[in-house]
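Observations on the model geometry
Listed below, chain by chain, are the residues.
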Amino acid sequence: MSIFYEMDKDFGDLLKEKKNFLFIGEAGSGKSEIVLNVAAKLAEQTGAKVQVFDMDQSKPLYRSRDMKDAFAQKGVEINYQLQFLDAPTVVGGVAESLMNKDVYTVLDIGGGHNASRVVGVYAHLLKDDDTVPVYVINPYRPWTKSLKAIDETMSDIVTAARLNRIYILGNPNLGYQTSAEEFMEGLARLDEMLGGIVTVGSFVVRDEIFDEVKNMTDRHLFPIELFLTYSWVDR
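One structure accompanies this document, and this report is about it. (Residues numbered from 1 in each chain as written. Predicted model: local features only at pLDDT ≥ 70, side-chain atom pairs only at ≥ 80, totals over all residues. Heavy atoms only, no water.)

Within the protein chain, the secondary structure is distributed over eight helices and eight strands. Among the 235 residues that make up the protein chain, the fraction classed as buried is 53%. In the protein chain, the proportion of contacts linking residues at least 24 apart, taken out of those at least 6 apart, comes to 77%. Carbon and sulfur atoms make up 50% of the accessible area of the protein chain, which totals about 10,900 Å². (Helix = DSSP H or I, 4+ residues; strand = E, 2+ residues; numbered from the N terminus. Buried < 20%, exposed > 50% of the residue type's maximum accessible area, 1.4 Å probe, protein only. Contact = heavy atoms within 4.5 Å. Areas by Shrake-Rupley, 256 points an atom, 1.4 Å probe, with all protein chains shown as cover.)

What follows is the structure, given as structure tokens:
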């Protein structure tokens, strides 16, 4: 049986069917932006409580925790634990949230060996039918620009959490100014890398170019707003 979970299913439909989402991705994958958009979407479409746990151990420049105050107004609570140097941290309340049928839970895990250790703590809960592990791949980033690199990261996570399924979500982008043509080139790169193994069905696209891109591909598209903006980034 393939480990790849319902790859022909629209990612947007998964958000209507499942309760818990585990997001895995290396630095630069765009994972944290996706986490924030998913949390906002879940809060909007369900009216239920949404808990985000920022557990990324890699100290990224873009962190979902930076939107804690703004997202409280959307009905989303962002939880995190301060880190000392490179010491791994585990945020309290994760297991309780995953098991609570009235709460939607979104885990922002990160990638690499540290992420594997964090995921392993909750291995017994992550195989629940209400939970979908999502691996975000940006083929433009050095950590996921080859099949070998993708396989190494995914194998670490799958082994640590003893997962029996994983959903791959494509996010081809070069940053805030990514054009529709660059998006389509990244989509083709991902198809070439994973060809013969799995076909990625859903791709994240920046909302400003969504209308243009949807006329260029028949893949499922999930438009996102860019929440993580900083003064030192030229938009």
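Looking now at the pattern of salt bridges. Tallied over the full model, the rule gives eight salt bridges. A salt bridge links K101 to D130, with the shortest nitrogen-to-oxygen separation between them at 3.2 Å. Here D130 lies in the loop between helix 5 (112-121) and strand 5 (131-137) and K101 lies in the loop between helix 4 (94-99) and strand 4 (103-110), a separation of 29 residues in the sequence. Classification of K101 by relative accessible area gives exposed; the value is 56%. The salt bridge involving D191 is made with R219; its shortest N-O contact spans 2.5 Å. Of this pair, D191 sits in helix 7 (residues 180-194) while R219 sits in the loop between helix 8 (210-213) and strand 8 (220-224), and the two are 28 residues apart along the sequence. The class of D191 is partly exposed, set by a relative accessible area of 26%. (Salt bridge = Lys/Arg side-chain N within 4 Å of Asp/Glu carboxyl O.)

Okay, the nonpolar core next. Membership of the largest hydrophobic core comes to 67 residues, with the highest contact counts inside it found for F11, F23, V38, L107 and F183. Ranked by residues supplied to this core, first place goes to helix 2 (residues 31-46) with eight residues. With near-sequence residues (within four places) excluded, V38 lies in contact with F11, L15, F23, V106 and F222. (Core = buried A, V, L, I, M, F, W, Y, C linked by side-chain atoms within 4.5 Å.)

For the second largest pocket, the calculated volume is near 200 Å³. In this structure, the second largest pocket is lined by N37, A40, K41, E44, K74, F222, P223, E225 and F227. Residue assignment for the lining of the second largest pocket shows that the elements contributing at least two residues are helix 2 and strand 8. The dominant element in the lining of the second largest pocket, judged by the number of residues it contributes, is helix 2, at four residues. Class assignment of the residues belonging to the lining of the second largest pocket gives a composition of four nonpolar, one polar and four charged. (1 Å grid on protein atoms, 1.4 Å probe; cavity = no way out; pocket = protein on both sides within 12 Å on 5 of 7 lines; lining within 4 Å. Points joined across faces, edges and corners; volume = space filled by probe spheres on them. Nonpolar A, V, L, I, M, F, W, Y, C, P; charged D, E, K, R; others polar.)

This part takes up the packing of aromatic side chains. What the rule picks out here adds up to five aromatic pairs. When the centroid spacing of 5.1 Å and the interplanar angle of 85° are considered together, the rings of F11 and F222 count as edge-to-face. Of this pair, F11 sits in helix 1 (residues 11-17) while F222 is found in strand 8, placing the two residues 211 residues apart along the sequence. One exposure class covers both F11 and F222, and it is buried. Arranged with centres 6.3 Å apart and planes meeting at 75°, the rings of F183 and F203 form a pair that is edge-to-face. Taken together, the residues F183 in helix 7 and F203 in strand 7 (residues 202-206) connect sequence positions 20 residues apart. Accessibility classification places F183 together with F203 in one group, the buried group. Members of the aromatic cluster, each reached through a chain of ring pairs, are F11, F23, Y167 and F222. (Phe/Tyr/Trp six-rings, centres within 6.5 Å; stacked < 30°, edge-to-face > 60°.)

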